[in-house]
Amino acid sequence: MVDLEKAPPARSPEGEPVPRADGEGCLVVAVRLPVRIVALVLVLPVRMAWDALVVAGRFLRDTVLRPVGRALAWLGRALFVWPLVGLWRYVVMPVAKGVGWLGNVLLVVPAVWVYRWVLTPVGRALAWCCAGVGAVLTALGRGLYAGLAWLARYLVVVPAGWLYAWVLTPIGHLLAWCGRGLAWCGRGVLWCLGKVVTGIGAVLYWTVRILLVLPALAVWRWVLAPVGRALAVVGRELLDALGHAWRIAGHLSRAVGRALAALFRWTVAEPARWVYRSVLTPVGHAVRDTVLRPLAEAARAAGRAGRQALRSARLSVRQARADLRRTLFGEPERPPSVDRREPSGAKARTLGSSTTALTKD
């Protein structure tokens, strides 16, 4: 439970009150209790409605949505998955295997034969011809490259080196000397411009600091910061009050739910259970023993009698059909009977003894 009473203020050894470590004043402590009471009054109906919705949602999930979902899943398997699996297993796969075998016989085997006995010899012949042509072209290219390199060396490289050494180098040195002089002049001009810009920047800095920064700092320090601290304290107290109210409302809602559950159990569930155990169960047993079991026995006896009558009728029809066939066509010819009761070892012993008797005679 939440402690709603204000704790006594701590005092120093001299008897003076000591300020709290969290910086809470008397106004905060005085406002806290009414705010928490108002928050509890406002939050309690919301928490009880929320708990009721949660219980209703769980009951709906367990009794309606989950069985309906399982039924829909079984129906989906029966309507979509099993037919698709059967179609894939008994139609698509055999057809695909047949098409694959047919493609192998009609396309792959002829293509392999053409590649091995036609394209490979032709490709090797073309490769040999291309190698000979490439060797000839390589020799011609090397000779042409050597001639062009000699011409480029004596017509381009040597004159360009002479021009660089005796014309461009002196001109470049002269231009570099002129550039260094201009650089010294530019450095002096840049130093003067830097001093001017530094002075203007200092003037602007102090102007902005005096006209904007210092007033803004004063407003932040003496107006906005105290107001922010007060708003932070109020917000923290409101959040704490809502948290306490939500927890207390949860305890109250749980107690109300338990009371309603007990009332339902003692007014509906227990009487229904007593009626089921004490009234419906004996009546059901009596009906089962006096009505249902004799009816079941009579039905089974009638079924046995019907099956025996059908069996007798089938035997009579079969015998009449056999008598009619004998009357019209006579007795069928029977194959000569063979005595298979004497084993083969006994026959061999009998034949052996008769042969021995004949030999002795």
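Since we're looking at a predicted model, the values are computed, not measured.

Quick notes on the rules
Residues numbered from 1 in each chain as written. Predicted model: local features only at pLDDT ≥ 70, side-chain atom pairs only at ≥ 80, totals over all residues. Heavy atoms only, no water. 1 Å grid on protein atoms, 1.4 Å probe; cavity = no way out; pocket = protein on both sides within 12 Å on 5 of 7 lines; lining within 4 Å. Points joined across faces, edges and corners; volume = space filled by probe spheres on them. Nonpolar A, V, L, I, M, F, W, Y, C, P; charged D, E, K, R; others polar. Salt bridge = Lys/Arg side-chain N within 4 Å of Asp/Glu carboxyl O. Buried < 20%, exposed > 50% of the residue type's maximum accessible area, 1.4 Å probe, protein only. Patch = residues over 30% accessible without salt bridge, like charges linked within 9 Å, V, L, I, M, F, W, Y side chains within 5 Å. Areas by Shrake-Rupley, 256 points an atom, 1.4 Å probe, with all protein chains shown as cover. Lys, Arg positive; Asp, Glu negative; His and termini not counted. Charge placed at Lys NZ, Arg CZ, Asp CG, Glu CD. Helix = DSSP H or I, 4+ residues; strand = E, 2+ residues; numbered from the N terminus. Phe/Tyr/Trp six-rings, centres within 6.5 Å; stacked < 30°, edge-to-face > 60°. Lys NZ or Arg CZ within 6 Å of the ring centre and 35° of its normal. Contact = heavy atoms within 4.5 Å. pLDDT = per-residue confidence, 0-100.

1. A word on the layout of surface pockets
Within this model, the second largest pocket holds a volume of roughly 270 Å³. Of the residues assigned to the lining of the second largest pocket, the class counts are six nonpolar, three polar and four charged.

2. Notes on the pattern of salt bridges
Throughout the structure, instances matching the rule amount to seven salt bridges. Asp62 is paired through a salt bridge with Arg61; the nearest N and O atoms lie 3.2 Å apart. Judged by relative accessible area, Asp62 falls into the partly exposed class, the value being 39%. A salt bridge links Arg288 to Asp289, with the nearest nitrogen and oxygen atoms 3.5 Å apart. Looking at Arg288, the relative accessible area reads 34%, which means it is partly exposed. A relative accessible area of 38% means that Asp289 is categorised as partly exposed. Counted as one network, the salt bridges with shared partners bring together Arg61, Asp62 and Arg66.

3. What to know about a positive patch on the surface
Where like charges cluster on the molecular surface, the positive patch consists of Arg304, Arg307, Arg311, Arg314, Arg318, Arg321 and Arg325. When you line up the elements, Arg311 lands in helix α1 (residues 26-329). According to the relative accessible area criterion, Arg311 is partly exposed, its value standing at 44%.

4. As for the packing of aromatic side chains
Under the counting rule described, the total for this entry stands at three aromatic pairs. Between Trp150 and Tyr154, the ring centres sit 5.3 Å apart and the planes meet at 50 degrees, which makes this aromatic pair tilted. Note that Trp150 and Tyr154 are positioned in helix α1 at a spacing of four residues, about one turn of the helix. By relative accessible area, Trp150 is classed as exposed at 55%. The interplanar angle of 75 degrees and the centroid separation of 5.4 Å between the aromatic rings of Tyr205 and Trp206 together place this pair among those described as edge-to-face. The class for Trp206 is partly exposed, based on a relative accessible area of 48%. When the ring centre of Tyr154 is taken as origin, the NZ or CZ atom of Arg153, which lies over that ring, is 5.9 Å away.

5. A word on the side chain of Ser253
Residue placement: Ser253 occurs in helix α1. Ignoring sequence-local partners within four residues, the contact set of Ser253 consists of Arg47, Met48 and Asp51.

6. Some thoughts on the confidence of the model for the protein chain
Per-residue confidence for the protein chain averages 82 on the pLDDT scale, and 83% of its residues sit at or above 70. Low confidence marks residues 1-9, where pLDDT is under 50. Its contacts with residues over four positions away, or in another chain, come to seven contacts. Below a pLDDT of 50 lies the segment residues 357-361, which in the model reaches zero contacts outside its immediate sequence neighbourhood of four places, other chains included.

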